[in-house]
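# Close look at the chain arrangement
As a plain string of letters, each chain reads:
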Amino acid sequence: MYKTSEIFAFLTKKYPLKLQEKWDQSGKITFFDSSTTGVLVCLDVNELSVKEAIKRKCNLIISHHPIFTKSKEYPLSKKEKEIVQLLTKNKTSLIALHTCFDNNPLGMNYSFLRNCNIFKNIKVSKNAEGSYAIANLTIAKTTNELINFISTKLKLSKVIGLNEFKTESIKKVAVCCGCGFSVLKPLIEKNTDIDLFITGDVKWHDWQFAQLYNTNVLDIGHDIENLFVDVIYKDLLSLDGFKIYKFTSNKKFIIK
């Protein structure tokens, strides 16, 4: 049976903590070096995911997003402190693999493009803001065709874009999953040959910036990062001696 420290070493060898951004808090959040009874893999650490881990007798949670970052602007709330207390009380270890996963060449952006199965020549790069990937479509599509394909393929709840897209076919895209417009912004400003920029959580002023440059931008939502759960689940299948569970919250955002 693997100890939690052995699983931590296994994962951080593939997704080294040195790859994380300075503001991030990846790694051990709560940690008890004991034999692993079960692992729950999730996108976010919240009351639902922690209670699910306890219910399934998992003493290790591996999440994408940590509960907190190193930013002093966002101190832990009362409820977040209660989650940490719940983890500690039940001696449940929590490991977060946030930007060390995102910045891995085979991490979030690569996984997104591979899962779509219509891209080739995938190249993962990094700038001062973070990691992104550029790829060519195997067959050029219009923006609307690409929206419909991605929405169906990845079962997205919504895709948001500018009201008026440039009409030419899409041949080349740049992707930064999550809240990644700041990463893509320098590429937009350089006026490269990229036909479409894909990210999530695009803010109002970002849309205005994209419009200034007459740029195609798609907001595919932050929950696309659930890809993390599948990737880590498959990674852990190479180990044995414990059960692995994938967890997705059943609470949905309602958009009217």
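The following refers to the structure shown. None of these values were measured; they are calculated from a predicted model. (Residues numbered from 1 in each chain as written. Predicted model: local features only at pLDDT ≥ 70, side-chain atom pairs only at ≥ 80, totals over all residues. Heavy atoms only, no water.)

All right, on to the pattern of salt bridges then. Taken as a whole and judged by the stated rule, the model has eight salt bridges. In this structure, the salt-bridge partner of K3 is D33, at a minimum N-O distance of 3.9 Å. Taken as a pair, K3 in the segment before helix 1 (4-14) and D33 in the loop between strand 1 (27-30) and strand 2 (38-42) lie far apart in primary sequence, 30 residues in all. By relative accessible area, D33 is classed as partly exposed at 42%. Between K51 and E47 there is a salt bridge, with the nearest N and O atoms lying 3.4 Å from each other. You can see K51 and its partner E47 sitting in helix 2 (residues 47-55), four residues apart, about one turn around the helix. For E47, a relative accessible area of 44% puts it in the partly exposed group. (Salt bridge = Lys/Arg side-chain N within 4 Å of Asp/Glu carboxyl O. Helix = DSSP H or I, 4+ residues; strand = E, 2+ residues; numbered from the N terminus. Buried < 20%, exposed > 50% of the residue type's maximum accessible area, 1.4 Å probe, protein only.)

Side chains that are nonpolar tend, in soluble globular proteins, to be buried together. Of all hydrophobic cores here, the largest spans 44 residues; its most connected members are I62, L97, F112, V173, I232 and L236. Here this core takes six residues from helix 9 (residues 227-236), the largest share from any one element. In this structure, I62 is in contact with I7, L11, V39, L40, V41, C42, I95, L97, F228, I232 and L236, ignoring residues within four places of it in sequence. Of all hydrophobic cores here, the second largest spans 16 residues; its members include A174, L187, W207 and F209. (Core = buried A, V, L, I, M, F, W, Y, C linked by side-chain atoms within 4.5 Å. Contact = heavy atoms within 4.5 Å.)

All right, on to helix 8 (residues 204-212) then. Buried residues of helix 8: D206, W207, F209 and A210, and no others. Angularly, the buried residues of helix 8 cover 160° about the axis, an arc narrow enough to put them on a single face. Opposite the packed face of helix 8, turned more than 90 degrees from it, sit the exposed residues W204, H205, Q211 and L212. N214 lies just past helix 8 and shows a positive phi near 50°. (Arc of directions from axis to C-beta.)

Its location among the elements puts V175 in strand 8 (residues 170-175). The exposure class assigned to V175 is buried, which follows from its relative accessible area of 1%. Each C-alpha atom, one on V175 and one on V124, is 9.4 Å from the other, the two residues being 51 residues apart in sequence. Setting aside chain neighbours within four positions, we find V175 in contact with N109, F112, L113, Y132, A133, L184 and I198.

Take it as geometry only, folks, not as evidence of what the structure does.
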